[in-house]
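# Observations on the model geometry
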Amino acid sequence: MRFRVVALALLFCCLWGCGGGGGGDGGDDTSISLSTSSITLDADLGSTSFASSTLTVNFRGAGVVVGTLPGQTMPTWLLSPVPENSTTTQVVFSVRAFAYSMPRGTYTTTLRFVTGREDQSHLKTADLTVTLRVNTPFNASVAAPLAFVQADGATSATAVGPSAIQIVGENLQWRATANQPWVGFGATSGTQAGNLTITANRQSLPLGVHTAQISIIDDRRNRTLTFPVTFEIRPARIALSASTFDYTVTPQTLATEFTRSLTVSDELNGTNAAKGVTWTATTGAPWLTLSSGAGSSASNQQLTVSLDSARLNVLPSGTYNTSITFNYQDSGGSARTAELPVTLNVRMPLARAASPYLLAPGAGATLRLRGQDIRDVDMSSLSVDGASAATLTRVDADSVTLQMPALGAGVYPIRFNTASGLTRSAARVVVQASNLGEGVIQSPNAKRLVLDEQRGRLIAIDRTQSQLESYRWNGATWAAEITLTIPEIADAVLTRNGEEVIVVARHAIYALDADDLSQPRTEVWALPSGQNRTASFNTIQLNELGVGLIAQTYHFAGLSGNTSILRFDSILRDAPTGFNFESLYEAQLAQSPTGRYLMVGEYGVSPPIAPWLYDSDDIATGLLGARTTPIQTGGSIAIQISHSETRILQSFAQVYNFSGQLLGRLPTGGYIQNFATLSPNGERAYRLVRTPSGSSLAVHDLTATPTPEYPEIDQVALPADVIQYNADIALYPGATLSVAAVMSRDGRYLFLAGPERIVVVDVN
């Protein structure tokens, strides 16, 4: 045996080095045979373990050696066969491969086993083909959790699903088992990769969430992977035929495209009345409407989801997102919610207002149409109904010049012609002769005034009595038209097209039909519950585009005049929003009669804050316009802007230009005694003069050189006092100014209101 081992070792080395061995003299006393002529080894890609198999070699001779075929070398993946045990006639070898660094694939080589006499004669050989397969490893995974749901009331034998487990790998021998009987398999074993279907069958399971565990075992590798499974059996829930709605509206969109059909059902398809749901539905935006707001899922119900044409008509270009919210109760009594997202993309021009909207009959005029997203391509669709001779010239995306011909009395709507029939306009022109006159209106308490020249109407806001009073000129006198009681009314303003009166109350905003104030008012907005701040007064002004400011002054930390400034769009009618974070006190608002400018002043903050001026000609940052502070002197009891937009009157005394330069002053008698107002053209100021014997208006020429006061050029006697001789005009804390004034657009009539009465004076 010792000789054989040495001899074999030497022979093995010889064979390893030379690649083979040779014949002998042909004697038949040596022989060799293998238990198999080929071995296939399997290893997983990247495996750090040996793949091995045993080979039995039977021989007659001095021993057995192994090597490669002549001219070949041992591959790197194959290790030298190792004898595990041996006898004088048999050796058991371990054939091993190591696939860690090998790419996936099949590799083959041939080993040669040799025996012979001790003198290395009479050699006999036997060849073994060794194949290594580097396989994709076994694995199993799920694309999503194995979570099954079945609605109560469905056929109990119905399998829910299917879901699947993806099995991957090569040279597989897998089995699938579960620890609960309600789990079903498309197959329970196999040798191929692929998707294994998983189902759940309710059988006799009660309502609730049930759990199980699936095991996938690869017997070849002795590896097990487990997966949790849940099976929820629940009351049927609402089911909608769509998961989302998307609208796109352009000038070419047809009205038929404004609607969508939605089927409201349940998870039982509406076939089981006892298991159905009852629901209510709401939309999160006023531009979206539903044909019904409530119903049942058994049987299925059809809803029509529509774009509201009236709201869509004035909705600016942009992208809007909202949802349809379904609140419902399932058959188990649980309250639930389902949401259906809705997206609206709008690209259409919008005409907001013409300035001025009111014209005299028989005279042409140049107007300015303000709007949004007006492009060159839109101009061919823009028209003025009944005024085909009007010339329309685009200035920019938010302005169009309208050269109007002489027209008769009437209403002339402005529109963009679209395929859907939308006019995309809140603008119109009204041609109406002025119908005003002098007179005295016996109405006590301080007022705020709104002049509606289109209808020959004066609206007076009495905050003391919470009343809106309307008076109309009948050719001889100002007659009372209607008195409306509106709780905590604070102020009002006419919309830029003259169609409505916007009323601001302490905690609400209303809209009134200007043609008929007796019609029920529309609540535009109400302060949400839980946000009730004790406002002492509100005031409102609108700019040329119908967007305005509301100054809401309220009690705060023991103060009575802390003011929040809110933005309000009178066309869209959205809830007013706060946008400034500066501390204001006793804030006052003013607008230029054309509406181009809005101004905010305040009185009481130390140091005083300079008034803000918003110019709607520059709306790059928003429809309020660009904000500047041309006047650097703060402390404004009141502010006014002339119709010509050339002069600003601050605190009834200081006259500025729009560059902030102090031009001159009016005489004063103490700030709480002053009251003055500007003429529409900014060339005159009318100052209230009070004496024990009566009141008058001092007329000051603002075109003259002040020294430093503007000269008084005339006096106009008042037919009656509007305020007592020694009463304060500026009340503190500032619930309101006790005197208010408005003027007709031609500058002829001055309307003056005070705690005693209202007077109308011809100042020409």
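Residues numbered from 1 in each chain as written. Predicted model: local features only at pLDDT ≥ 70, side-chain atom pairs only at ≥ 80, totals over all residues. Heavy atoms only, no water.

## Here's the deal with the overall build of the protein
Helix and strand counts for the protein stand at 2 helices and 63 strands. Relative to a compact globule of 764 residues, whose C-alpha radius of gyration would be 27 Å, the protein shows 47 Å and is clearly more extended. Projected onto its principal axes, the C-alpha positions of the protein cover 160 × 65 × 60 Å. Counting all 764 residues of the protein, 51% fall into the buried class. Residue pairs at least 24 apart in sequence account for 59% of intrachain contacts in the protein once pairs closer than 6 positions are excluded. Within the protein, one finds 51 positive and 61 negative side-chain charges whose respective centroids are separated by 7 Å. (Helix = DSSP H or I, 4+ residues; strand = E, 2+ residues; numbered from the N terminus. Rg over C-alpha atoms; globule rule 2.2 N^0.38 Å. Buried < 20%, exposed > 50% of the residue type's maximum accessible area, 1.4 Å probe, protein only. Contact = heavy atoms within 4.5 Å. Lys, Arg positive; Asp, Glu negative; His and termini not counted. Charge placed at Lys NZ, Arg CZ, Asp CG, Glu CD.)

## Quick notes on the packing of aromatic side chains
This structure, assessed with the given rule, holds 10 aromatic pairs. The interplanar angle of 45° and the centroid separation of 5.3 Å between the aromatic rings of tryptophan 182 and phenylalanine 231 together place this pair among those described as tilted. Taken together, the residues span a long stretch of sequence, with tryptophan 182 in the loop between β12 (174–178) and β13 (183–185) and phenylalanine 231 in strand β17 (residues 223–234) at a distance of 49 residues. Of the two residues, tryptophan 182 and phenylalanine 231, both sit in the buried class. We note arginine 627 situated over the ring of tryptophan 612; from NZ or CZ to the ring centre the distance is 3.9 Å. (Phe/Tyr/Trp six-rings, centres within 6.5 Å; stacked < 30°, edge-to-face > 60°. Lys NZ or Arg CZ within 6 Å of the ring centre and 35° of its normal.)

## A few points about the layout of surface pockets
Roughly 1500 Å³ of volume is contained in the largest pocket. In terms of lining residues, the largest pocket is bounded by 50 residues, among which Gln541, Gln591, Pro593, Ala741 and Val742 are the most central. Per-class residue counts for the lining of the largest pocket are 28 nonpolar, 15 polar and 7 charged. Surrounding the second largest pocket, 24 residues form its lining, Val314, Ala426, Asn497, Glu499 and Ile571 being those nearest its centre. Within the residue set of the lining of the second largest pocket, elements represented by two or more residues are α2 (309–313), β27 (350–355) and β33 (410–416). Classifying every residue of the lining of the second largest pocket by side-chain character gives 9 nonpolar, 7 polar and 8 charged. (1 Å grid on protein atoms, 1.4 Å probe; cavity = no way out; pocket = protein on both sides within 12 Å on 5 of 7 lines; lining within 4 Å. Points joined across faces, edges and corners; volume = space filled by probe spheres on them. Nonpolar A, V, L, I, M, F, W, Y, C, P; charged D, E, K, R; others polar.)

## As for the environment of serine 296
Examined against the element boundaries, serine 296 turns out to sit in strand β23 (residues 294–296). Here serine 296 falls in the partly exposed class, since its relative accessible area comes to 27%. Residues serine 296 and isoleucine 238, 58 residues apart in the sequence, show an inter-C-alpha distance of 9.4 Å. Apart from the residues lying within four places of it in its own chain, the contact partners of serine 296 are Val277, Thr278, Trp279 and Gln301. Within the local environment of serine 296, its side chain forms a polar contact with the backbone nitrogen of alanine 298, the two atoms lying 3.3 Å apart. (Polar contact = N/O pair within 3.5 Å; in protein donor to acceptor, adjacent residues only side chain to side chain.)

## Some words on a nonpolar patch on the surface
Residues Phe50, Phe98 and Tyr100 make up a contiguous nonpolar surface patch of roughly 310 Å² in combined accessible area. Position of phenylalanine 50 relative to the elements: it lies in strand β3 (residues 50–60). (Patch = residues over 30% accessible without salt bridge, like charges linked within 9 Å, V, L, I, M, F, W, Y side chains within 5 Å. Areas by Shrake-Rupley, 256 points an atom, 1.4 Å probe, with all protein chains shown as cover. Salt bridge = Lys/Arg side-chain N within 4 Å of Asp/Glu carboxyl O.)

## Some words on the nonpolar core
Among soluble globular proteins, nonpolar side chains are generally buried collectively. Counting residues in each nonpolar core, the largest one holds 33 residues, and the members touching the most others are Trp279, Leu307, Leu312, Phe326 and Leu344. Those elements that place two or more of their residues in this core are β19 (245–249), β20 (259–266), β21 (278–283), β24 (301–307), β25 (318–329) and β26 (335–346). Of the residues forming this core, the biggest block, 5 residues, is contributed by β26. Leave out the neighbours within four places in its chain, and leucine 344 touches Tyr247, Val249, Trp287, Leu307, Leu312, Leu315, Gly318, Thr319 and Tyr320. Membership of the second largest hydrophobic core comes to 31 residues, among which are Leu702, Tyr710, Leu752 and Val761. (Core = buried A, V, L, I, M, F, W, Y, C linked by side-chain atoms within 4.5 Å.)

## Considering the confidence of the model for the protein
In this model, the protein carries a mean pLDDT of 90, and residues with pLDDT of at least 70 account for 92%. Taken together, the stretch residues 1–26 has pLDDT below 50 and engages in 43 contacts with residues farther than four places along the chain or on a different chain. (pLDDT = per-residue confidence, 0-100.)

## Observations concerning the environment of leucine 45
On the secondary structure map, leucine 45 appears in the loop between β2 (38–44) and β3. Residues leucine 45 and serine 101, 56 residues apart in the sequence, show an inter-C-alpha distance of 8.2 Å. Contact partners of leucine 45, with chain neighbours within four places excluded, come to Met102, Pro103, Arg104, Val134, Asn135 and Pro137.

## Looking at the sheet that holds strand β57 (residues 676–678)
If you trace the 4 strands from one edge of the open sheet to the other, you get β57-β58-β59-β60, paired in antiparallel fashion. The open sheet is flanked by β57 and β60 (712–717), the only strands paired with a single partner. On average, adjacent strands in this sheet sit at an angle of 25° to one another, irrespective of strand direction. (Pairing = 2+ DSSP bridges. Axes fitted to C-alpha atoms, helices over the stretch in contact; angles between N-to-C directions.)

## Some remarks on the environment of glutamine 715
By secondary structure assignment, the location of glutamine 715 is in strand β60. For the pair glutamine 715 and leucine 688, spaced 27 residues apart in sequence, the C-alpha to C-alpha distance is 9.8 Å. Those residues within four positions of glutamine 715 in sequence are excluded, and the remaining contacts are Ser696, Leu697 and Ala698. Polar contacts involving the side chain of glutamine 715 include one to the side chain of serine 696, which spans 2.7 Å. Side chain to side chain, glutamine 715 and glutamate 712 meet in a polar contact 2.9 Å long.

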